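# Reading the structure
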Amino acid sequence: MAIAEGTPLETLPARRRLRRAGPRRSAARGWRVTPWLFLLVPLAFLVLFTYIPVVNSFWYSVTDWDGLDPQQNFVGLENYIQIFTRPEYFQVFAVSLYYLVGAIAQLGLALLFAVLLSFRTRFKNFFKGVIFFPYLINGVAIGLMFLFFFRPGGTLDSVLAAFGVVDPPQWLGDPSIVNVSLAATSVWRYMGLNFVLFLGAIQSVPSEQYEAADLDGANSWQKFRFIILPSIRRILGLSLILAVSGALSAFEMPYIMTGGANGSETFVIQTVDTAFRFAQVGLASAMAVVLLVIVLIITAVQRRFFPDEKASVQ
């Protein structure tokens, strides 16, 4: 018996309805599976290159593995006890204070430039590119470039000599000033990232708020305090935790420029030397775990002082 065109699905027999509904259900199920197929490869790489190494680090931290021997002897918490009972492992964190001060100065400069270039400024696109460009350069290239910049008789000494300074310090050879030079290099390199984050957050503020502030007679400082700062609070908190974590895990600039010499050794450089120079991978893994825990604690403190807006509303 032929079925008239336009016959409602409800009037068909049950078997006919299943035949028509089956392809629709299969198509809907296919659309639900498709996004996971695109995520399959990235998730596999994430697990392979991130989570599995982290789990292995926890295991290595309780062994005496040297990185080559196939046998890994379990030693319990001996590596952690050694870290917390030998002060030289934590003395290097004093070097991180230089990078922490530099990171705070970097945030302040990035916020200042972002506010200035968010409004009408001549050649603002040019200045945006100039500020952000150092972040695009490879870290090794920056390290080599600043090695020439800070070396005796180099660029910085030549500029100072033009102003009458005839006996400049050893910028990378003097232990009292080497960390200042390295921290300044990090500020120059990473300020562009925070600048872009702040600039995007400021430009997302509706222009109606500025217009209302102008009608109320607000000055520039009041606009910054009551409009800009509350609007970028979450980005400011994120940048702060990234800056603190980066200060604790500083590695690239000091390793390339000094190799940790002259009192510039950081905790990460010490960890790398422990693993690959002294063949104590188990102890180095414990040091990495300790650094991870410190960063997680700082993140928790940051979440306390910069809570999520949704959480604060609840």
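Up top is the structure these notes are about.
Quick summary incoming for the structure in this document. (Residues numbered from 1 in each chain as written. Predicted model: local features only at pLDDT ≥ 70, side-chain atom pairs only at ≥ 80, totals over all residues. Heavy atoms only, no water.)

## Some words on a negative patch on the surface
On the surface, a cluster of negative charge is made up of Asp64, Asp66, Asp69 and Glu78. With a relative accessible area of 47%, Glu78 lands in the partly exposed category. (Patch = residues over 30% accessible without salt bridge, like charges linked within 9 Å, V, L, I, M, F, W, Y side chains within 5 Å. Areas by Shrake-Rupley, 256 points an atom, 1.4 Å probe, with all protein chains shown as cover. Salt bridge = Lys/Arg side-chain N within 4 Å of Asp/Glu carboxyl O. Lys, Arg positive; Asp, Glu negative; His and termini not counted. Charge placed at Lys NZ, Arg CZ, Asp CG, Glu CD. Buried < 20%, exposed > 50% of the residue type's maximum accessible area, 1.4 Å probe, protein only.)

## Some details on the packing of aromatic side chains
Enumeration over the complete set of coordinates arrives at 17 aromatic pairs. When the centroid spacing of 6.0 Å and the interplanar angle of 40 degrees are considered together, the rings of Phe132 and Tyr135 count as tilted. In this pair, Phe132 and Tyr135 both sit in helix α5 (residues 124-136), 3 residues apart, roughly one turn of the helix. A residue is classified by how much of its surface remains accessible, and Phe132, at 25% relative accessible area, is partly exposed. Its relative accessible area of 29% is what places Tyr135 among the partly exposed residues. Ring plane angle 45 degrees and centroid distance 6.4 Å describe the contact between Phe150 and Trp171, whose orientation is recorded as tilted. Of this pair, Phe150 sits in helix α6 (residues 139-150) while Trp171 sits in the loop between α7 (155-162) and α8 (178-203), and the two are 21 residues apart along the sequence. Of the two residues, Phe150 and Trp171, both sit in the buried class. (Phe/Tyr/Trp six-rings, centres within 6.5 Å; stacked < 30°, edge-to-face > 60°. Helix = DSSP H or I, 4+ residues; strand = E, 2+ residues; numbered from the N terminus.)

## Re the nonpolar core
By size, the foremost hydrophobic cluster in this structure holds 22 residues, and its most contacted members are Phe195, Ile202 and Ile228. Counting only elements with at least two residues in this core, the list comes to α4 (93-116), α8, α9 (207-215) and α10 (220-231). Each residue touching Ile228, except ones within four places of it in the same chain, is listed here: Val115, Phe119, Ile202, Tyr210 and Lys223. (Core = buried A, V, L, I, M, F, W, Y, C linked by side-chain atoms within 4.5 Å. Contact = heavy atoms within 4.5 Å.)

## Observations concerning the packing of α9 against α10
Close contact between α9 and α10 brings their axes to 11 Å; oriented N to C, the two are set at 165 degrees. Between α9 and α10, the angle is such that the two are roughly antiparallel. Every pair of crossing elements has a handedness; the one defined by α9 and α10 is right-handed. Facing α9, whose interface residues are Gln209, Tyr210, Ala213 and Asp214, α10 presents Lys223, Ile227, Ile228 and Ser231. Looking at the contact of α9 with α10, its residues break down into 4 nonpolar, 2 polar and 2 charged. (Axes fitted to C-alpha atoms, helices over the stretch in contact; angles between N-to-C directions. Parallel < 35°, antiparallel > 145°, perpendicular 65-115°, else oblique. Left-handed = near helix turned anticlockwise from the far one by under 90°. Nonpolar A, V, L, I, M, F, W, Y, C, P; charged D, E, K, R; others polar.)

## Quick word on α6
Compared with the 16 Å implied by 1.5 Å per residue over 12 residues, the 16 Å span of α6 between its first and last C-alpha is a close match. Of all the positions in α6, only Gly139, Ile142, Gly143, Phe146 and Phe150 are classed as buried. The arc that holds the buried residues of α6, viewed along the axis, is 100 degrees, so those residues lie on one side. Considering only its buried residues, α6 is in contact with α5, α7, α8 and α12 (252-257). At the N-terminal boundary of α6, the capping side chain belongs to Asn138, with an oxygen 2.8 Å from the backbone nitrogen of Val140. (Expected span 1.5 Å × (residues − 1). Arc of directions from axis to C-beta. Polar contact = N/O pair within 3.5 Å; in protein donor to acceptor, adjacent residues only side chain to side chain.)

## Observations regarding unusual backbone geometry
Only a minority of non-glycine residues have a phi that is not negative, and only a minority of peptide bonds are not trans. One non-glycine residue with positive phi stands out, namely Phe123, at about 60 degrees. For Phe123, the location among the structural elements is in the loop between α4 and α5. The class of Phe123 is exposed, set by a relative accessible area of 56%. For Asn262, which is not glycine, the phi dihedral falls at a positive 60 degrees. Among the structural elements, Asn262 can be located in the loop between α12 and α13 (267-277).

## Focus: the layout of surface pockets
Estimated volume of the largest pocket: approximately 400 Å³. Secondary structure elements with two or more residues in the lining of the largest pocket: α4, α8, α11 (233-248) and α12. If one sorts the elements of the lining of the largest pocket by residue count, α8 sits on top with 6 residues. (1 Å grid on protein atoms, 1.4 Å probe; cavity = no way out; pocket = protein on both sides within 12 Å on 5 of 7 lines; lining within 4 Å. Points joined across faces, edges and corners; volume = space filled by probe spheres on them.)

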